[in-house]
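Summary of structural features
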Amino acid sequence: ITEVIGWRLFYLVADAVQLLVFLLYMATISLEMTLISLICLPLLVGLSQKFINSPVNALQRKERGFQVKAEAIVGESIRLIETVKAFSREDYHQHRHDRNLDDVLGIVKEKSGRKAIWEAVSNTIQTAIFCISLLSVHY
């Protein structure tokens, strides 16, 4: 355990030093852009956490729940295959399974849509910051 903690601490310190050196290098190039980046970065991380990561994590939990439910339905169907055939209830069990899989598919689509929207927004913001930096250097 101490070895794992030691390596994690090492990487934490290494990342902090790398960030500090990077910020100093950015400040030597353009202090304005460094300040803009220092203001925008926490905002983007906060927005990402609130509007993308939290809802996506909730959708993943919901998706896992539906997958567990689907596995339970399949397991139950396999165990009861003789009984189901005897009472001609195959359609009911098939419909139940299909409905659950449709729920999983809906959640996956929503999760993918949220991720795609965030990618588009973050790329647009990154491009805007790049354009602002070019304009500030030009003028």
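Residues numbered from 1 in each chain as written. Predicted model: local features only at pLDDT ≥ 70, side-chain atom pairs only at ≥ 80, totals over all residues. Heavy atoms only, no water.

Thoughts on the overall build of the protein chain
Here is the rule we go by: Labels follow the DSSP assignment, with helices taken as runs of H or I lasting at least four residues and strands as runs of E lasting at least two, numbered in each case from the N terminus. Exposed residues in this analysis have more than 50% of their type's maximum accessible area, buried residues have under 20%, and partly exposed residues fall in between, with area computed by a 1.4 Å probe over protein chains only. The contact criterion used is simple: two residues touch if any of their non-hydrogen atoms lie within 4.5 Å. Using a 1.4 Å probe, accessible areas were evaluated by the Shrake-Rupley method; residue-level cover was limited to the displayed protein chains.
Each helix and strand counted, the protein chain has 4 helices and 0 strands in total. Counting all 139 residues of the protein chain, 17% fall into the buried class. Considering only residue pairs separated by 6 or more positions, the protein chain has 75% of its internal contacts joining residues 24 or more positions apart. Of the roughly 11,000 Å² of accessible surface on the protein chain, 67% is carried by carbon and sulfur atoms.

Considering the side chain of Glu 63
For the record, the criterion: Contacts described as polar in this section are N or O atom pairs within 3.5 Å, which, within protein, must combine one atom able to donate a hydrogen with one able to accept it, while residues neighboring in sequence count only if both atoms come from side chains.
Locating Glu 63 in the fold gives a position in helix α2 (residues 31–79). Within polar-contact distance, the side chain of Glu 63 engages the side chain of Lys 111 at 2.8 Å. Filtering out sequence-adjacent residues up to four positions away, Glu 63 remains in contact with Val 104, Ile 107, Val 108 and Lys 111.

As for the environment of Asn 57
Residue position: Asn 57 is located in helix α2. Look at Asn 57 and you get partly exposed, because its relative accessible area is 34%.

Thoughts on the packing of aromatic side chains
Operational definition: Only rings of Phe, Tyr and Trp enter the pairing, Trp through its six-membered ring, and a pair is recorded when the two centres are within 6.5 Å. The plane angle decides the type: under 30 degrees is stacked, over 60 is edge-to-face, the rest tilted.
Here the structure, examined in full by the defined rule, presents 1 aromatic pair. Judged by centre distance (5.5 Å) and plane angle (65°), the ring pair of Phe 10 and Tyr 11 falls under edge-to-face. The exposure class of Phe 10 is partly exposed, given its relative accessible area of 47%. For Tyr 11, a relative accessible area of 48% corresponds to the partly exposed category.

Quick word on a nonpolar patch on the surface
Just so we agree on the cut-off: Residues forming no salt bridge and having over 30% relative accessible area are the ones grouped into patches, like charges within 9 Å of each other and nonpolar side chains (Val, Leu, Ile, Met, Phe, Trp, Tyr) within 5 Å. A carboxyl oxygen of Asp or Glu within 4 Å of a side-chain nitrogen of Lys or Arg is what we treat as a salt bridge.
Taken together, the side chains of Leu 9, Leu 12, Val 13, Val 17 and Val 21 define a hydrophobic patch exposed on the protein surface, amounting to about 460 Å² of accessible area. Here Val 13 is to be found in helix α1 (residues 2–29).

Looking at the confidence of the model for the protein chain
Operational definition: Scored from 0 to 100, pLDDT reflects the predictor's confidence in each residue.
Across the protein chain, the average pLDDT comes to 78, with 86% of residues at or above 70. Mean pLDDT per element in the protein chain: helix α3 (residues 81–87) is the minimum at 61, and α1 is the maximum at 83.

Quick notes on the side chain of Ser 30
Within the secondary structure, Ser 30 sits in the loop between α1 and α2. Here the side chain of Ser 30 touches Met 33 through a polar contact of 3.2 Å, landing on its backbone nitrogen.

Topic: the pattern of salt bridges
Applying the stated criterion across every chain yields a total of 2 salt bridges. The closest approach of N and O atoms between Glu 110 and Arg 114, which form a salt bridge, is 3.6 Å. Highlighted residues: Glu 110 and Arg 114, both in helix α4 (residues 90–138), separated by 4 residues, approximately one helical turn. Relative accessible area serves as the criterion here: at 39%, Glu 110 is assigned to the partly exposed category. A relative accessible area of 29% means that Arg 114 is categorised as partly exposed.

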